[in-house]
There are 2 protein chains.
Amino acid sequence: MSTNTTKPLGSFERMKSMNRSTVLNTIRLHAPLSRADIAKSTQLTPPTVGNLVKELLAERFVRETNIGPSSGGRKPTMLELDPTYHCCIGLDISSTTIKGVLCTLLGDCLHTAKQPLPSNCTTEELLQTAYTVTDLLLEKKQVDQKLHGIGIAMHGLVDVEQGISLFAPNLGLHNIQIRERFQIRYDTNVMIDNDARAMALGESWFGQGKTADSSVLINIGRGVGAGIVLQQRLQYGADDVSGEIGHMVISEDGPLCSCGQRGCLQAYISGPAIASIAESQLDDNASSPLRSQKKPLTGLDVYTAYQKGDALAEAVFVQAGKRLGIALVNIIHTLNPSLIILGGGVSLAGNILLPPAIDIVKRRGLTQKAKETTIVLSTLKEKAASIGAVTLLLESLFQERF
Amino acid sequence: MSTNTTKPLGSFERMKSMNRSTVLNTIRLHAPLSRADIAKSTQLTPPTVGNLVKELLAERFVRETNIGPSSGGRKPTMLELDPTYHCCIGLDISSTTIKGVLCTLLGDCLHTAKQPLPSNCTTEELLQTAYTVTDLLLEKKQVDQKLHGIGIAMHGLVDVEQGISLFAPNLGLHNIQIRERFQIRYDTNVMIDNDARAMALGESWFGQGKTADSSVLINIGRGVGAGIVLQQRLQYGADDVSGEIGHMVISEDGPLCSCGQRGCLQAYISGPAIASIAESQLDDNASSPLRSQKKPLTGLDVYTAYQKGDALAEAVFVQAGKRLGIALVNIIHTLNPSLIILGGGVSLAGNILLPPAIDIVKRRGLTQKAKETTIVLSTLKEKAASIGAVTLLLESLFQERF
């Protein structure tokens, strides 16, 4: 979504803007670098590099650091990214909470903030809560830091181009003009995307996906969705529906899904699905401690019971892991990513969920490499979506697209 | 796969090569054009365009045509692609036959040739048959035409980089060094890809996919595979396994698939699967004309029976259409392509297969746009793979990647 369409391909402005982004990204990835190093690495001319670096220094995106080794003449001044000036806010709007981070341009988290959403939350209440989290983070921002922008990861269907939350199913809200409202209030860059896509981008920059050319992040929580990164580009599909694998059909006549259909992946492996499957089996499991638990159960209740040794809870997670495995096989045989990352609340049960899933992949993968697809748990964990939201801004800054 | 990795990004050679490809593609898409039109459209300088056009004229990729309208000064000479000189051969290696086409640079088919493969065909027999088809086409080539290259679409797993057929399941052959052998014999450009991917590329250039930014072609024949085009680029995945949707799991405990697993899409909708499902139901269908048919049945037998009004045959196709619909839903909710194209032998039964499939998509699509995903039948039909094979060469010629 960061394709620069306003400046025509081949125009001077477009070229300059692309070169600037290239220089900045080269410094980000390989600092400390001298101007000569940058010219060599980017194949831009030394005067072009000199001018761009001058601009980037003035805007405090980069800074001069120590003196580097001489390759004959005067010792060169080295450059690195300046992580002290520009900062970004990332928000993760889930169905119960808004979590926020204040990060440097390197993705380092300086501060966090969090606010619960009121129950039966309205659009205005959602926005006010998001403002509160943003304001808490802005209070923590140093006076000599500059806010580069606000990234927002929102569950449900998002119109990325328009910056609108089209439908947030777990809140029952439609058409929230998030970007417009934030831009009016904060007068800064605002980018919004679906939570799974933001997480996928965050993982591909700062988490498990750093070295992968293609990866799929599966966010398993109240809902199930995926963010797909191919050739290091986040995928949206024709209508931003790409990655809605919660509604991949696992079994035509399976359990009822929140979408009204039967047998969707989400109806097998989401937190509420795991809770409801466990609850439906309590009558046959007299010894399960879940029988005395307050109803309706949550996914966390089932996981806690599993940790305490409950056989029913274990069996429910193993079954969910197998269904997840089928979804993984389908993703591998469709997209063949080099890496699959599991994130979201339910992935915290990865120790019990992952082995049966990997077993299915090993059994059903079409080739040896397909069988051996790397499948890991998110390392960004509960910050994955908010750091992912920051990464939306960073991608647009550092990787202007050709 | 046509990414130019030998010339470093930003180098003069790389830039020239990219510019040349851009000029050639601009002429292909918008001819007749004057040199000034090309400069305007590509934003290259007039001298750069002049030099590149001079080269392309000398190599007879383009030709001068009529005189265009004057915009003040001398009337300009217009340019267009020269379809009379360079030509390409495309081969489609299936499990029973090798089909070939001789095409112009515009994808127009000049000649066709075809040879059956011997039964229990060896690697050498396969190559000799492919040579025979190629030689038949070369005989038909005009003496003043130049062969630009040979593209090969091969069923099964293909190592595109190395030009090797890793595994052709329907022939039971492994590790055929197709590109090397063809290069030795014909001393020309040789490109090889999986049949479904070649078909997808062919459709995106010359068939149903021409105006789509993203499309998925599903090849349903003896096997089932897909070619995925996203942002007009063919997708390969990490290990060329992308598009192996024949082994998408539709039902964990479904019928046995040729891969040894159960419930793969291929075990429901491939030609042999349709035949075998029909055959298994003959005992309960006393009136079906398929009972008196020679066994084992083929997919074509079942289709012929359906055309003659057999209710069993119709029911089998409707069931297959529903399974196909589930696969389409899974593809839409993963990739969200703007277009899905059905090709391959079984797609000739599209009139009976497609309505139940589309019905499932309309019922299960997550959004209105997902429900309305355009799903069509290939218009290149039995030439889809061979024209697709030609398109592998054309993509590399006209669309050198940035």
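Within each chain, residue numbers correspond to sequence positions counted from 1 in written order. As a convention, the first chain written is A and the first ligand written is 1, with the rest following in written order. For a predicted model such as this one, the threshold for reporting local features is a pLDDT of at least 70, and the threshold for listing and counting side-chain atom pairs is 80 or more; totals across whole chains, interfaces and linings nevertheless cover every residue. The side-chain quantities take in all heavy atoms of the structure and omit both hydrogens and water.

## A word on the state of the cysteines
Residue and element names in this part refer to chain B.
In step 1: Disulfides are defined as cysteine sulfur pairs within 2.5 Å. Going through the model one piece at a time under the given rule, you end up with zero disulfides over all chains.
In step 2: Not part of a disulfide, cysteine 88 finds its nearest cysteine sulfur in cysteine 87, a span of 6.8 Å.
In step 3: Each residue's exposure class comes from its accessible area (1.4 Å probe, protein chains only) as a fraction of the maximum for that residue type: buried when under 20%, exposed when over 50%, partly exposed otherwise. For cysteine 88, a relative accessible area of 0% corresponds to the buried category.
In step 4: In this structure cysteine 103 is not part of a disulfide, and its nearest cysteine sulfur, from cysteine 109, lies 4.8 Å away.
In step 5: By relative accessible area, which is 0% here, cysteine 103 ends up buried.

## As for the interface of chain A and chain B
In step 1: Any two residues whose heavy atoms approach within 4.5 Å are treated as being in contact. Contacts between the two partners involve 50 residues from chain A, matched on the other side by 50 residues from chain B.
In step 2: When chain A packs against chain B, the two sides together hide about 4100 Å² of surface, and 54% of this comes from carbon and sulfur.
In step 3: In this description, buried area is defined as the sum, over both parts, of the accessible area (probe of 1.4 Å) that is lost when the two are combined. Ranking the residues of chain A by area buried against chain B places Thr334, Asn336 and Arg364 of chain A at the top, with a combined share of 16%.
In step 4: Any Lys or Arg side-chain nitrogen found within 4 Å of a carboxyl oxygen on Asp or Glu counts as a salt bridge. Across the chain A-chain B interface, the total number found is two salt bridges.
In step 5: Contacts described as polar in this section are N or O atom pairs within 3.5 Å, which, within protein, must combine one atom able to donate a hydrogen with one able to accept it, while residues neighboring in sequence count only if both atoms come from side chains. On inspection of chain A and its partner chain B, the count reaches 28 residue pairs in polar contact (both at pLDDT 80 or more).
In step 6: Each helix is a run of H or I in the DSSP string that is no shorter than four residues. Each strand is a run of E no shorter than two, and both are numbered from the N terminus. Breaking the side of chain A that touches chain B down by element, the ones donating at least two residues are strand S13 (224-230), helix H10 (311-335), helix H11 (350-364) and helix H12 (368-371) of chain A.
In step 7: The greatest single-element share of the side of chain A that touches chain B, amounting to eight residues, is contributed by H10 of chain A.
In step 8: Residues are grouped as follows: nonpolar covers Ala, Val, Leu, Ile, Met, Phe, Trp, Tyr, Cys and Pro; charged covers Asp, Glu, Lys and Arg; every other residue, Gly included, is treated as polar. Residues of the side of chain A that touches chain B, tallied by class, amount to 23 nonpolar, 18 polar and nine charged.

## Thoughts on the pairing of strand S13 (residues 224-230) of chain B
All names here are of chain B.
In step 1: The element S13 is extensively covered by neighbouring structure, given that seven of its seven residues are classed as buried.
In step 2: The alternating pattern of S13 places Val224, Ala226, Ile228 and Leu230 on one face and Gly225, Gly227 and Val229 on the opposite face, and all of these are buried.
In step 3: By the convention used here, strands pair only if DSSP detects at least 2 bridges between them. In this sheet, S13 lies alongside strand S12 (residues 215-220) in antiparallel orientation, the contact comprising six bridges. From the neighbouring strand, valine 216 faces S13, where its bridge partner is isoleucine 228.
In step 4: Adjacent in sequence and paired antiparallel, S12 and S13 are bridged by three residues.
In step 5: Direction of pairing for S13 relative to strand S14 (residues 233-234): antiparallel, over a ladder of two bridges. Looking across to S14, one finds that leucine 230 is bridged to arginine 233.

## A few points about the domain arrangement of chain A
All names here are of chain A.
In step 1: For chain A, the domain assignment lists domain 1 (11-81), domain 2 (86-203 + 385-398) and domain 3 (210-378).
In step 2: Placing a centre on the C-alpha atoms of domain 2 and another on those of domain 3 gives a separation of 26 Å.
In step 3: Listed per partner, the contact involves 17 residues of domain 2 and 21 residues of domain 3.
In step 4: Overall, the association of domain 2 and domain 3 removes approximately 1400 Å² of surface from exposure, summing both partners, and the carbon and sulfur fraction of that is 55%.
In step 5: Considering only the side of domain 2, the residues that lose the most area to domain 3 are Arg197, Met199 and Glu203, jointly responsible for 42% of the buried surface there.
In step 6: Here domain 2 is connected to domain 3 by zero salt bridges.
In step 7: At the boundary of domain 2 with domain 3, the tally comes to five residue pairs in polar contact (both at pLDDT 80 or more).
In step 8: Secondary-structure elements contributing two or more residues to the side of domain 2 that touches domain 3 are strand S8 (157-159), strand S11 (189-194) and helix H6 (195-206).
In step 9: Ranked by residue count, the leading element in the side of domain 2 that touches domain 3 is H6, at seven residues. These domain boundaries are the output of an automatic or database domain assignment.

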